[in-house]
Amino acid sequence: MGRLTLSNLIEAAIFLLIAGIFYAFSFEFNQPIEIYIFGATAWPRVVIGFLLLATLGNLWFHYRYGNATQATLGQLEDKADFSEAGTVRRMIAVLLTPFIFAYLLKPIGIYFSAPFFIAAIIWFFGERRWKVILIMTLFIYCVFIGLFLMILNAPLPQGNVSPFYDFSAWVLKLNAQLQGI
Amino acid sequence: MIENFLAGSAALFGDPFTIGIFVFGVVGGMLFGAIPGVSMLTLAAILLPFTASLEPAQGVMLFAVIYCTGTYGGAITAILFNIPGSAENAPTAFDGYPMTQKGQSGKAVGAAVLCSAIGGIASALVMMAATEPLANWAIRNIGPPEIFALVFFGLVVASSVGARTIWKGWMSVLIGLLIATIGQDPVGGINRYNFGMTDLAAGIAFIPAILGFFAVSEIFVQAEKKASGKYQAPKVSMTFPSFIELWMHKIAVLRSILVGFFCGILPGIGATLAAFMSYGEAVRWSKNPEEFGKGKLEGVISAETANNAATGAAMIPLLALGLPGGALTAMMVAVFQMHDLQPGPLVFMLSPDLIWIVFAAMFYANLSILIIGVLETKTILNLLKIPFQFLAPLILMLATTGAYIGRGLVLDVMVMFLAGIIGYLLRRSGFSIPAIVLGLILGKIGEQNFAQGMQMVHYDLGTYLSRPICAILIAAGVITLASNIYRAFTSIKTNA
């Protein structure tokens, strides 16, 4: 195993899996192009080949030198610290919340789901005073509505499930009335 | 040149709305560059979809202004928090942050204001003189083989930026290139990797991907720092450096302008290489090199002069050849494309007004750093008191809207958050986000030009490489690649 750690192996496995999936799917569009002899698969397969080489090179590097670093330019990131279970739980929650929000945009719409999303993010970032969470949620929601709905008239997802759709329709109607005034 | 510059200035300041956009860009660039957790790239990514409703000149000008002022703004977080706004501000933190720890943050920020302005103005003047002749030359001498060679060279150089190891730099570039293959192939229009989803036939939209990789992943990184208690408030002072102190470093400023401009022209990393090389030269020429890294003013001056000197130079490959030199100039390509324009030599013939408005705006933006830098820096220092827990949801809401309104697809919002999660995980594992984004943006350009070039030379590689500019660029890329590979086997830092 040399100086390889479990995370090095997982990292390599993920990249090899990505390369494998993309290679396998490249057969789906493996058809000739009349004006170009290399076809549609040549470029992606060359990229996959190099990705494979780089992944193996990276694995060799970790095998030989462990988690050492090299003199590349502009290394901005310090290493992640997941030594505490609480940090891991909170990060999983922070990572999942936007995804759940995005998933719910189609059925529920942004007008109804946004305040819950804003409040959740404020909470996950460590704010525990519920009055502050409430006031800041309202403030950010008003800024968002004011900017995108009232000023820019941006078309945003309204949802397609009742009563959320009705709520979005009410917000839009209110906006139209305010614009009329 | 002067006539064109005056015409560009008149167009810039003759329309109140354009002035408003200019001022917004100046203030926004500085502000987003300076707020920890976000950067000029975050602002640019958020604004990208909205530029569709602007005139092309206004949209490109806005990004150019953000580029100038944001490059300076990133120095503030580098100095105060040890959080460089972007890779080009990283060397600023080497001495800027130790100065803050010694209670000299005002001196470091003051030097950054002045040197960023000097570097930027000098660079803008050279850019105005050099870009058009270069573009005219490019029309006659640059074809698809040369553009592919430039893309190759840019990607090789980009692979050595920002990642923890050279291998990871390459993996970052290649992941970007692989993402770019999703959608129709640029030669035959055959659908690739749409995984049964019709929305993916058009490929991964740049805007959601960029928003995710930069803005969203940055929020996740800051969330992690909050959760693990690593987030630190800075010590702030507002004692600016004296004129004599700055005059003593005039040679360092001149050297940094030259280094900055030379590096800025290189597609791929531009300002980042400039800042690091300039800092390295400052150490090399210093009588007391051991003082660097411990709070030496010359370290801040060298890095900040060079990275702003590179901003003007980085516009030369973008406008003259259509090749972005970094993440923000890559987004500028997207602004051009949103208005059915393609940056490159033809823009000088088709839209000369646009070019000179952008040039004039960059000149005045650098001047603004000097004039309002001091004033705004004080404001920024007050705004730094806004807790990040209130900034984060606002940024996420802006990003969500920005990703959605481009095509009206919830899929794009999902792509953005997925890119955010992937970007966060890759950043924390030592991969380079700018390299991924450059791979993503340059992938299609590279493939298309490679194919066109091969068709031009009837698939004869000898003819391809007999074109002198192409051969030089390919050779430069291969030498850089060989040097990277050599370093990959030899240049090992101490075990972490």
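Preceding this paragraph is the structure being described.
About the criteria used
- Counting restarts for each chain, with residues numbered from 1 along the sequence as it is written.
- Here every chain gets a letter starting at A, and every ligand a number starting at 1, in the order they are written.
- Residues qualify for local features only when their pLDDT is at least 70, as the model is predicted, and side-chain atom pairs are given and counted only at 80 or more; totals for whole chains, interfaces and linings, by contrast, use all residues.
- Derived side-chain values reflect all non-hydrogen atoms in the structure, with water molecules and hydrogen atoms excluded from consideration.
- Each aromatic pair joins two rings of Phe, Tyr and Trp (for Trp, the six-membered one) with centres within 6.5 Å, and gets the label stacked for planes under 30 degrees apart, edge-to-face for over 60, and tilted for any other angle.
- Numbering goes from the N terminus for both helices and strands, where a helix is a DSSP run of H or I of at least four residues and a strand is a run of E of at least two.
- Lysine NZ or arginine CZ positioned within 6 Å of the ring centre and within 35 degrees of the ring normal marks a charge as sitting over the ring.
- We define a salt bridge as a contact between a side-chain nitrogen of Lys or Arg and a carboxyl oxygen of Asp or Glu at a distance within 4 Å.
- Any residue under 20% of the maximum accessible area for its type is buried, any over 50% is exposed, and the rest in between are partly exposed; the area is computed with a 1.4 Å probe on protein chains only.
- Each patch is assembled from residues with relative accessible area greater than 30% and no salt bridge, linking like charges that lie within 9 Å and nonpolar side chains (Val, Leu, Ile, Met, Phe, Trp, Tyr) that lie within 5 Å.
- All accessibility values rest on the Shrake-Rupley procedure with a 1.4 Å probe; residue burial counts only the protein chains present in the view.
- Contacts were defined at the residue level, with two residues in contact if any of their heavy atoms lie within 4.5 Å.
- Two parts placed together each lose some accessible area under a 1.4 Å probe, and adding up what both lose gives the buried area.
- Whenever two N or O atoms come within 3.5 Å, that pair is a polar contact, provided that in protein one can donate a hydrogen and the other can accept it, and provided that, for residues adjacent in sequence, both atoms are side-chain atoms.
- The nonpolar class holds Ala, Val, Leu, Ile, Met, Phe, Trp, Tyr, Cys and Pro. Asp, Glu, Lys and Arg form the charged class, and all remaining residues, Gly among them, are polar.

Concerning the packing of aromatic side chains
Tallied over the entire structure, the rule returns 31 aromatic pairs over all chains. Judged by centre distance (6.3 Å) and plane angle (45°), the ring pair of A:Trp43 and B:Phe450 falls under tilted. One end of the pair, A:Trp43, is in helix α2 (residues 42–65); the other, B:Phe450, is in helix α19 (residues 433–456), on a second chain. Among the aromatic residues, ring-to-ring pairing joins A:Tyr36, A:Phe38, A:Trp43, B:Phe148, B:Phe450, B:Tyr459 and B:Tyr464 into one connected group. Above the plane of the ring of A:Phe27 lies A:Arg45, whose end atom (NZ or CZ) is 4.5 Å from the centre. Lying over the aromatic face of A:Trp123, A:Arg128 brings its terminal NZ or CZ to 3.8 Å of the ring centre.

Points about the pattern of salt bridges
Pairs can form between side chains of opposite charge once their charged atoms are near each other. Per the stated rule, a full pass over the model turns up six salt bridges over all chains. Among the salt bridges present, the one from B:Lys168 reaches A:Glu11, with a minimum N-O distance of 3.3 Å. Residue B:Lys168 is found in helix α8 (residues 166–180), and its partner A:Glu11 is found in helix α1 (residues 6–25); the two belong to separate chains. Here B:Lys168 matches A:Glu11 in class, with each residue buried. B:Glu224 is paired through a salt bridge with B:Arg428; the nearest N and O atoms lie 2.8 Å apart. Taken together, the residues B:Glu224 in helix α9 (residues 206–227) and B:Arg428 in helix α18 (residues 410–428) connect sequence positions 204 residues apart. Accessibility classification places B:Glu224 together with B:Arg428 in one group, the buried group.

Focus: a nonpolar patch on the surface
A surface patch of nonpolar side chains, about 750 Å² in accessible area, is lined by A:Leu147, A:Met150, A:Ile151, A:Trp170, A:Leu174, A:Leu178 and A:Ile181. Counting through the fold element by element, A:Leu147 comes out in helix α5 (residues 130–151).

Remarks on the interface of chain B and chain A
The interface is formed by 87 residues belonging to chain B together with 79 residues belonging to chain A. Taken over both partners, the interface formed by chain B and chain A buries close to 7,800 Å², and the fraction arising from carbon and sulfur atoms is 75%. When the area that chain B buries against chain A is broken down by residue, the three leading residues are B:Arg164, B:Tyr193 and B:Met397, summing to 9%. Our enumeration of links across chain B and chain A arrives at one salt bridge. The interface formed by chain B and chain A contains seven residue pairs in polar contact (both at pLDDT 80 or more). Counting only elements with at least two residues in the side of chain B that touches chain A, the list comes to α8, β2 (191–192), α9, α12 (271–285), α17 (388–405), α18, α19 and α21 (468–490) of chain B. A class-by-class count of the residues in the side of chain B that touches chain A yields 55 nonpolar, 19 polar and 13 charged.

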